[in-house]
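Per-entry structural report
Spelled out, the chains give:
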Amino acid sequence: MQLRFRLEAGLRFSAPFTPEAELAARALIDEANRVLFMRGVPKGVDQADVGRITGTPEFRENVLLLTFESGAYTRAHDALFRFRKQVAPTLGKFRMGIREIDVGAYTISMKGDFPEDFRVPNLPFITGSVLSDGTLTLSLTVSAADLENRIPDRLVRLVEEKIEAATYGGKSEHWELVFESGKKPRHFTEDPTAAMVERGWIKHAPARGQWIFGPQAVQLFRAFEQIVVDEIIGPLGFSEMVFPKMVPWEVWMRSGHAKGVYPEIYYICTPKTRDASYWEDIADYFKVTGEVWIEEIRNRIDGPIGGMCYAQCPPFWPFVQGETLANDCLPIRVFDRSGTSHRYESGGIHGIERVDEFHRIEVLWLGTAEQTVEIADRLHEAYTHVFENILELEWRSAQVTPWFMAQEGMVGDQAACGCGERIGTTDYEAFLPYSESWLEFQNVSINGDKYPKGFNVKIQSGAECWSGCSGIGLERWTAAFLAQKGLDYEKWPEKVAKLVGEPKNLFTFL
């Protein structure tokens, strides 16, 4: 993509320009264009692509008005701050110090291939935009602080990401079949959720995408948990931890989820005060009307301060944030099964396999790149054993590339160990006879340095720190298993039937 930046700025000094100070400033401008702005620019780059001060500088009492233009090298805002650093000591000899920088017009032009349905980001910095003949021109309103925070660079990257996302979404190579078990005996053709409801194993809970699981379903949950402990996380040396289930923005900012999690999280807000008198009329309203005064409650809460657990592993990372891990404690292998995760499945809820509230065992590990890949390989072997020999499922696995990895340039990077091509996710899918479709019910992800880098985690040896994670969803396992094996435990694989025992029916409704 071809980039052009144009910035008008005024440098306000503490005293008016004298003829001698003006002459010194003009000399600095000439030197900056010849030397200062060229530093760090690769040889052979066209000078038109390098930042420079263009036009005629204007001196208005104590203000120096300049126009900066550039291509991709020494971008206009970078040139501004380089010049500020150079001009300060020189004009200081004339008892002139820079008091502030006033940013005037700022435009960015981006020439490239834009998707037909491309939408310009709706952000307060962008006051105007024109897309014509493959060139997008953005007019910005920004402060000097915004420029130092690299807002223009981030806007450019955001536009590039949106183009990449549109292109990536139309490709098929991010799903590649790895293994298929072949057809297995099927004992059931019904929707397992409907069958469980009919037998009284589960009931809809009042909230959206939420279920109440009766004893029979929980027996199956606990059996799966025991299989996971006995066959997977126990033999591989994982230790149990408890991760928080309320996640503040700070965690999602570091984990990268803040880039796009907003449509799918359940937000958490706090009351403005615990003073009972502040809330008395809210309680009185309910006593009189029998309804909760939602509109007024909105006025009395702060936040949101974050959200409920969306992806289970990010809340772990503050435990090691900013730390250097000793070589002899690696690889670290932990898991969490302490609570529910919550995801607003915007219109996509179905049965127990696609819900807003779900139960999951999160498996997480970190170490060197080699250690991370080795544990992922061992997990693949353990899952294959469980799905083939214990659950006896009809299943398949595929190598996929989650978009968050693609957009952060994490795919195909070659680490020193040659493991870079292993970054990505393996999905496990089970066949659903009742719908003749496949359900993704398990995954293993190698996340590279995404989380260690975001949370500033290092290794004593200086090796790059990598991590991986694997979410074991009990609802998904149950849906996959019952869709193929049915609800009659006599037809279940021997080990599962033995662990579950005869389903208990505690309730008799008249």
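See the structure shown above.
First, a word on scope: everything that follows refers to the structure included in this document. (Residues numbered from 1 in each chain as written. Predicted model: local features only at pLDDT ≥ 70, side-chain atom pairs only at ≥ 80, totals over all residues. Heavy atoms only, no water.)

Below, the discussion takes up the sheet that holds strand E2 (residues 52-60). For sheets, the rule is that strands pair by backbone hydrogen bonds, running either parallel or antiparallel. Read from one edge of the open sheet, six strands run E2-E3-E1-E4-E6-E5, paired in antiparallel fashion. Strands at the two margins of the open sheet, each flanked by one partner only, are E2 and strand E5 (126-132). Adjacent strand axes in the sheet meet at a mean angle of 15 degrees when their direction is disregarded. Direction of pairing for E5 relative to strand E6 (residues 135-140): antiparallel, over a ladder of six bridges. The partner of Ile 126 across the bridge, within E6, is Leu 140. Most of the contacts of helix H1 (residues 19-34) go to E2, to which it runs at about 170 degrees, and overall it touches E2 and strand E3 (63-70). (Pairing = 2+ DSSP bridges. Helix = DSSP H or I, 4+ residues; strand = E, 2+ residues; numbered from the N terminus. Axes fitted to C-alpha atoms, helices over the stretch in contact; angles between N-to-C directions. Contact = heavy atoms within 4.5 Å.)

Turning our eyes to something else, we now look at the nonpolar core. Phe 387, Leu 391 and Trp 477 are the most contacted members of the largest nonpolar core, which totals 60 residues. Setting aside residues no more than four positions away along its own chain, Phe 387 makes contact with Glu 392, Leu 393, Trp 395, Tyr 428, Phe 441, Gln 442 and Trp 477. Counting 48 residues, the second largest nonpolar core, distinct from the first, contains Leu 7, Ala 76, Met 110 and Phe 114. (Core = buried A, V, L, I, M, F, W, Y, C linked by side-chain atoms within 4.5 Å. Buried < 20%, exposed > 50% of the residue type's maximum accessible area, 1.4 Å probe, protein only.)

Following Gly 303, the chain continues into Pro 304 via a peptide bond in cis, with omega recorded as 5 degrees. Topologically, Pro 304 is positioned in strand E13 (residues 301-308). In this structure, the amide linkage connecting Leu 330 to the following residue, Pro 331, adopts the cis form with an omega of -5 degrees. The residue Pro 331 is located in the loop between strand E14 (324-325) and strand E15 (332-336) in this model. A positive phi is found at Asp 133, a non-glycine position, where the angle reads about 50 degrees. Turning to its location among the elements, Asp 133 is positioned in the loop between E5 and E6. In this structure, Asn 456 is a non-glycine residue whose phi angle is positive, near 55 degrees. Summarising the element assignment, Asn 456 is placed in the loop between helix H12 (450-454) and strand E21 (458-459).

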